Amino acid sequence: MRLKSVIICLTTIVAFVQEDLWSSPVLVGLHGKHPLGERQVGELLIGELRCGACHEDKLPRALKMKDSPDLSEVGSRISPDYLQRFIANPLEVQSGVMMPDMLVGHSPGKRKEIAEAIAHFLTERSPRPLSAVGVGQGDFATGRKLFHDIGCIACHSPRNEQEKEVEGLGLSSLAHVIEKYSQVSLTEFLFDPHLTRPSGRMPDMKLSKDESSDLAAYLLGKKVYPFKPLRISKELVTKGQKYFREFNCAACHSLEGETANGITSSLDEVNAEKGCLAKRPKKAPDYDLSDSQRKAITKVLAGPRRKPSVEEEIAVSLTAFNCIACHSRDDYGGPSKAFLPYLHTSEEGLGNEARIPPPLTLAGAKLKPQWIRKVMFDGESARPYMHTRMPKFKEDSLILLPEMLAKVDKVESITFVEPKRQDRGKIRSAGHQLIGDKGLNCITCHNFNGKDSPGFKGIDLLTSYERLQPSWFYRFMLNPANSRPGIVMPNYWAGGKGARKDILEGKTDAQIQAIWHYLSYGQGAPTPSGIHSPGSFLEVGEVVRTYRGRSRIAGYRGIAVGFPGGLNYAFNAETGTLSGLWRGEFVSVGWGGQGAGNFNPKSRAISLAQDLSFHALPGPENPWPLLPVMNKENPVNPDPLYPKNLGYQFLGYSLNEDFVPTFSYRIGEVLIEDMSLSVAKEDKVLLKRVLEMEVDEPQTIHFRALVGKIDKVSETIYKTPDLRLNLHANAATPNALRPLGSDKSSFELLLNLDLPKGKSQLRLDYDLLR
C-alpha cells in the first residue's frame, strides 16, 4: 500500500512550516512537500536532536539516531573566537542550529568562563592549529556558480546579486561560516565532510580539491576575517576538561579518551512541561523548539510505541536526508518553485528529464539494489549532463534504504528467457541492429560505451543492463511516457506492434528482449551503427593512479591501483580482497564519465580469489564462505546479502600525499586499514601490503591469504606458479594450508590472527614471478 494513507493534508503541512520553525532547529527536509504526519515529525525530531543520547529511546526505527560532529580536530578547523561564542550560546551564534544551549541558567560571565575553558581544552586536544587564511586561494566566481549549480541550495539559502541570502525558504543559513572557518579549513571540510560530520546529513558533493577551494572562497566572501590564534593555558585546559565532563558533551560528540555519563532516564518518563520540552527551560538544555516541534515530540511520548511500516521508514529517511528536495516519490517531494530555476543541464534538447533529478516512485522496482548502493555510497552517476550532482552518502547512515525500496516497490514481473545457445548470435545481432541508426536509431539521443552520440548525449545505453531491473526495462520500453511524462523518447511499439517488421518478424516482446540480451554483453557488445570509437586506455604518470569501476578481475565494486614503474593491483571493495596483480600497462576502460566504467588490466594479470578475505571460522573444519557465482546461465544471485551477512562493510578509502589509497573496511567488530605500496628490493619490485586491525576487545579472526596450487617454502613463505608470498615473522601463528574442497592439488592458506586489544598489523610481500 502506498503512503497516501499516511500523508496528511497539505494545508496542515503548510501551517506547520509557516510557524516560526526556522528560528528553531532547522530540518531542511520539512521545508517542502514532505509526507510526514505530526507523529512522524516528532519521531524524526527525537532522532535528529539526539534525545536518545541522554534518555533511553525504545522507538523502533530503521533510521539510526543522528551523529554529532567529531571534536577530535575542532581546534584545527574552527576559529577560537567563534568556538568560544558558539559554546557560550549556540542559539545566538548560528541560526537554526541543532545544538542546544547547554548553559541555561548561567550568567553571561559564567557562560564566557565555561566556554573559554572548553575551547582551550578542545584546541589543546587538536593535532594542529587552525590554518591561516589562504590569500588568493580559490576563485570567487567559480565558487558562486558551483554553489548555485550543483545542488548546495537544495539545503542552503541561495544568494541574490548583492550576495544576501534569500529569506523565507526555510533553508539552512551559511551566514556564520565567514566567522567560523579559514579558507584552508573550509576547503578541507567541503572536500570530505563525512570526516567530521559522521551523520552524513551534510553529504559528500564529490568536489575536487580545486572545486572545494573555489566554493570555500565564495562562501567566505571577498573580505578576510581575521583570526587570532589561541594561546593555550594549561589551567584553562584542566578546567575545560572538567566542564566538558560536567556537561556530558561526550554524550553527543566523539573525542578520544572521553566517555558519556550514561542514560539519565527513559523517554517514557520525560515530562512534557519541564526539562528540554519546557517553553523556556530553566536547568535543562534549550533547543529553542517551536510550538509545533514541541507538540510533535509530545505526541510521540504520549502515545503507544509502534513499529513503522517499511514505506513509512522510507519516507522518514528521505525527509531526514532531504532527498525530497530534488526527487519526488508518489505524491510528495520534488524541486520547489524556488529551486527549479537553478536546475541546469548541458543537454537542453532532452528537456526537463535532463535537468530535474529522476523521481523515486517505484525506484526499488526500477533499479537493481547493487546499482542503488553504487549511486548512494560510491558516487556513481549515469547522468553526466545534469549539473545538479547526486551526492555521496555514508553507507552506515542509509544502508537499509536500497533493501527497503526493493521490498515495497513492485511492478508486474517479466522474465526474459535466456536464449538457447544456437539462437544467441541471431538475437544479439537483432538487438545490435535495433539500437543503431539503421534500426530504431536509439543512438541519436544516447551515448554508447563512452562514445558520444551524434545527436543528444543522453544516458549511456550500455549502463542499462547494470542499472535496471528487466521487468522495469520491459515496462518502460513499451511506453516511456507512461513512466516519465514529458520524456522525449518515442514509443516504438505503439499498439503492441514493432516499428521494424523485418527484424524478428516485428514482434514486440522479441525485439525488446533482443535489445536487453544485446546490452547484457556489456563491453563485449559490438558498437552499433552510427557511433564512432574513441580511445580507452588509461596510463599511470608520475604519481599513483586509482580508478574505480566494474571489472572481471575485481567484481562489481572494483578499484584498480597503478604505480609509477609498472606494478598494478586490483581491489574488490565488495569483499575487501586484493584480487589481482600485474606488471606493465595499467587498464583499458569501457566508458568514461563521472563514476567511471568497466575496466580490465591492459597486461596479463595474476587473478586471485575474490571471496571475502577475513572471517571468523567457527572451527578448523568449517569451509570458507565463498562469493556466489553468477553467469548468463545462472543470472540470479543466490545470496544477495553476501558478504553483509558475514559482517563485512566497506567504509571507503583515502589518499595520502603520494596519492596512495588506504582502504577502510570492517568485518564484525574488527576495523581494518589496508594499504599497499610498490617497493623496489634488489633487482625486483614487490607489492608490500600492510593491514592494520583495531579491536576494542581481544578476539580471533582468520585471513585467507592465498588460494590455488600452493607450495610451502617455509613457515613464512608460500608460492604458486605465478606468485611468491612472504609473511613477516610476527604476522600470524599458526598458519593452515588445507585442501580446497575435493581438489587435492589446490589449497587455501589461512592465517589464524589472535588480535590483542587496540591496534595490530599484518604485513605481506607479494612477489610476481612472471
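Parameters and conventions
Residues numbered from 1 in each chain as written. Predicted model: local features only at pLDDT ≥ 70, side-chain atom pairs only at ≥ 80, totals over all residues. Heavy atoms only, no water. Helix = DSSP H or I, 4+ residues; strand = E, 2+ residues; numbered from the N terminus. Contact = heavy atoms within 4.5 Å. Areas by Shrake-Rupley, 256 points an atom, 1.4 Å probe, with all protein chains shown as cover. Axes fitted to C-alpha atoms, helices over the stretch in contact; angles between N-to-C directions. Parallel < 35°, antiparallel > 145°, perpendicular 65-115°, else oblique. Nonpolar A, V, L, I, M, F, W, Y, C, P; charged D, E, K, R; others polar. Buried < 20%, exposed > 50% of the residue type's maximum accessible area, 1.4 Å probe, protein only. Salt bridge = Lys/Arg side-chain N within 4 Å of Asp/Glu carboxyl O. Core = buried A, V, L, I, M, F, W, Y, C linked by side-chain atoms within 4.5 Å. Pairing = 2+ DSSP bridges. Left-handed = near helix turned anticlockwise from the far one by under 90°. pLDDT = per-residue confidence, 0-100. Phe/Tyr/Trp six-rings, centres within 6.5 Å; stacked < 30°, edge-to-face > 60°. Lys NZ or Arg CZ within 6 Å of the ring centre and 35° of its normal.

The subject of this paragraph is the overall build of the protein. For the protein, the count of helices and strands is 21 helices and 24 strands. For the protein, the spread of C-alpha atoms along the three principal axes comes to 85 × 70 × 55 Å. Contacts in the protein between residues at least 24 apart in sequence constitute 64% of all its contacts with a sequence separation of at least 6. Carbon and sulfur atoms make up 53% of the accessible area of the protein, which totals about 35600 Å².

One can describe the packing of helix α7 (residues 140-149) onto helix α10 (residues 209-220) by two numbers: an axis separation of 7 Å at closest approach and a directional angle of 95°. Overall, the two elements α7 and α10 adopt an arrangement that is roughly perpendicular. Contacts from Phe140, Thr142, Gly143, Arg144, Leu146, Phe147 and His148 in α7 reach Glu211, Asp214, Leu215, Ala217, Tyr218 and Leu219 in α10. In terms of residue class, the contact of α7 with α10 is made up of seven nonpolar, three polar and three charged.

It is worth spelling out helix α9 (residues 183-191) at this point. Of the positions making up α9, those classed as buried are Gln183, Ser185, Leu186, Thr187, Phe189 and Leu190. In this structure, the buried side of α9 is in contact with α3 (74-77) and α10.

The next thing to look at is the pattern of salt bridges. Between side chains of opposite charge, pairing is possible as soon as their charged atoms come close. Enumeration over the complete set of coordinates arrives at 42 salt bridges. A salt bridge links lysine 299 to glutamate 38, with the shortest nitrogen-to-oxygen separation between them at 3.6 Å. Taken as a pair, lysine 299 in helix α12 (residues 291-302) and glutamate 38 in helix α2 (residues 38-48) lie far apart in primary sequence, 261 residues in all. The exposure class of glutamate 38 is partly exposed, given its relative accessible area of 26%. The partner of arginine 294 in a salt bridge is aspartate 291, and the shortest N-O contact between them spans 3.1 Å. Taken together, the residues arginine 294 and aspartate 291, both in helix α12 and three residues apart, mark about one turn of the helix. What makes aspartate 291 partly exposed here is its relative accessible area of 39%. Connected via shared salt-bridge partners are Arg50, Lys64, Asp67 and Asp396.

One finds Phe473 and Ile515 to be the most contacted residues of the largest nonpolar core, which totals 72 residues. Those elements that provide at least two residues to this core are α2, α12, α13 (310-320), α15 (369-378), α16 (401-408), α17 (424-435), α19 (470-478) and α21 (508-519). No other element matches the six residues that α21 contributes to this core. With near-sequence residues (within four places) excluded, isoleucine 515 lies in contact with Gly431, Leu434, Ile435, Leu440, Phe473, Met477 and Trp493. The next biggest cluster of nonpolar side chains, apart from the first, holds 44 residues, and it includes Leu578, Val695, Leu762 and Leu764.

Time to look at the pairing of strand β18 (residues 699-708). Here β18 lies mainly inside the structure; seven of its 10 residues are buried. As paired strands, strand β13 (residues 614-615) and β18 are joined by two bridges and run antiparallel to one another. Residue pairing in the sheet places phenylalanine 614 in a bridge with phenylalanine 703 of β18. Alignment of β18 against strand β23 (residues 743-755), held across nine bridges, turns out to be antiparallel. Bridge pairing in β23 links histidine 702 to asparagine 752.

For glutamate 163, which is not glycine, the phi torsion reads 65° and is therefore positive. In this structure, asparagine 322 takes a positive phi of about 55° despite not being glycine. Residue class for asparagine 322 comes out buried when judged on its relative accessible area of 5%.

Inspection of the secondary structure assignment puts glutamate 43 in helix α2. For the pair glutamate 43 and leucine 301, spaced 258 residues apart in the sequence, the C-alpha separation amounts to 9.1 Å. Among residues more than four places away in sequence, those in contact with glutamate 43 are Leu59, Arg61 and Val300.

With that settled, consider the sheet that holds β18. Overall, antiparallel pairing links the four strands, which are arranged β13-β18-β23-β22 in an open sheet. Looking at the sheet topology across the chains shown, the edges are occupied by β13 and β22 (735-740).

Taken residue by residue, a regular strand's side chains alternate between the two faces of the sheet. For strand β6 (residues 545-551) and strand β7 (residues 555-562), the ladder comprises six bridges, and the chain directions are antiparallel. Among the inter-strand pairings, arginine 545 is bridged to a residue of β7, identified as glycine 562.

Moving on to the sheet that holds strand β10 (residues 587-589). With antiparallel pairing, the three strands of this open sheet are ordered in space as β5-β10-β11. Lying at the two open borders of the sheet, with one neighbouring strand each, are β5 (537-538) and β11 (599-601). Of the pairings in the sheet, the one linking β5 to β10 comprises two bridges and is antiparallel in character. Following the sheet pairing, leucine 538 is matched in β10 by valine 587.

Direction vectors running N to C along α19 and α21 enclose 130°, while the axes themselves pass 11 Å from each other. Taken together, α19 and α21 sit at an angle that is classed as oblique. Crossing handedness for the pair α19 and α21: right-handed. Here Pro470, Phe473, Tyr474, Met477 and Leu478 of α19 come into contact with α21, specifically with Thr508, Asp509, Ile512, Ile515, Trp516 and Leu519.

A word on the confidence of the model for the protein. The predicted model of the protein has a mean per-residue pLDDT of 88, with 92% of residues at 70 or higher. The model gives residues 1-22 a pLDDT under 50, and that stretch makes 47 contacts with residues more than four places away or in other chains. In the predicted structure, residues 591-596 sits below a pLDDT of 50 and forms 20 contacts with residues beyond four places in sequence or in another chain.

One can find serine 746 in strand β23. Exposure remark for serine 746: the relative accessible area of 10% places this residue in the buried category. Taking the C-alpha atoms as reference, serine 746 lies 10.0 Å from threonine 720; in sequence the two are 26 residues apart. Other than its neighbours up to four places away in sequence, serine 746 contacts Gly708, Lys709, Arg738, Pro739 and Leu740.

On to the packing of aromatic side chains, then. By convention here, two paired aromatic rings are described through the distance between centres and the angle between planes. Counted according to the given criterion, the structure contains 21 aromatic pairs. Between the aromatic rings of phenylalanine 473 and tryptophan 516, the centroid separation amounts to 4.9 Å while the plane-to-plane angle is 45°, which identifies the pairing as tilted. Here tryptophan 516 lies in helix α21 and phenylalanine 473 lies in helix α19, a separation of 43 residues in the sequence. Accessibility classification places phenylalanine 473 together with tryptophan 516 in one group, the buried group. Ring geometry for phenylalanine 571 and tyrosine 665: centres 6.0 Å apart, planes at 40°, overall tilted. Taken together, the positions of phenylalanine 571 in strand β8 (residues 567-572) and tyrosine 665 in strand β15 (residues 661-667) put the pair 94 residues apart, joining distant regions of the chain. Taken individually, phenylalanine 571 and tyrosine 665 each receive the classification buried, so the pair is uniform in this respect. Here the aromatic residues Phe571, Phe614, Tyr648, Phe650, Phe663, Tyr665 and Phe703 are joined through ring pairs into a cluster of three or more. Sitting over the face of the ring of phenylalanine 191, lysine 209 holds its NZ or CZ atom 4.7 Å from the ring centroid. Here the basic side chain of arginine 428 rests over the ring of tyrosine 521, its NZ or CZ set 4.9 Å away from the ring centre.

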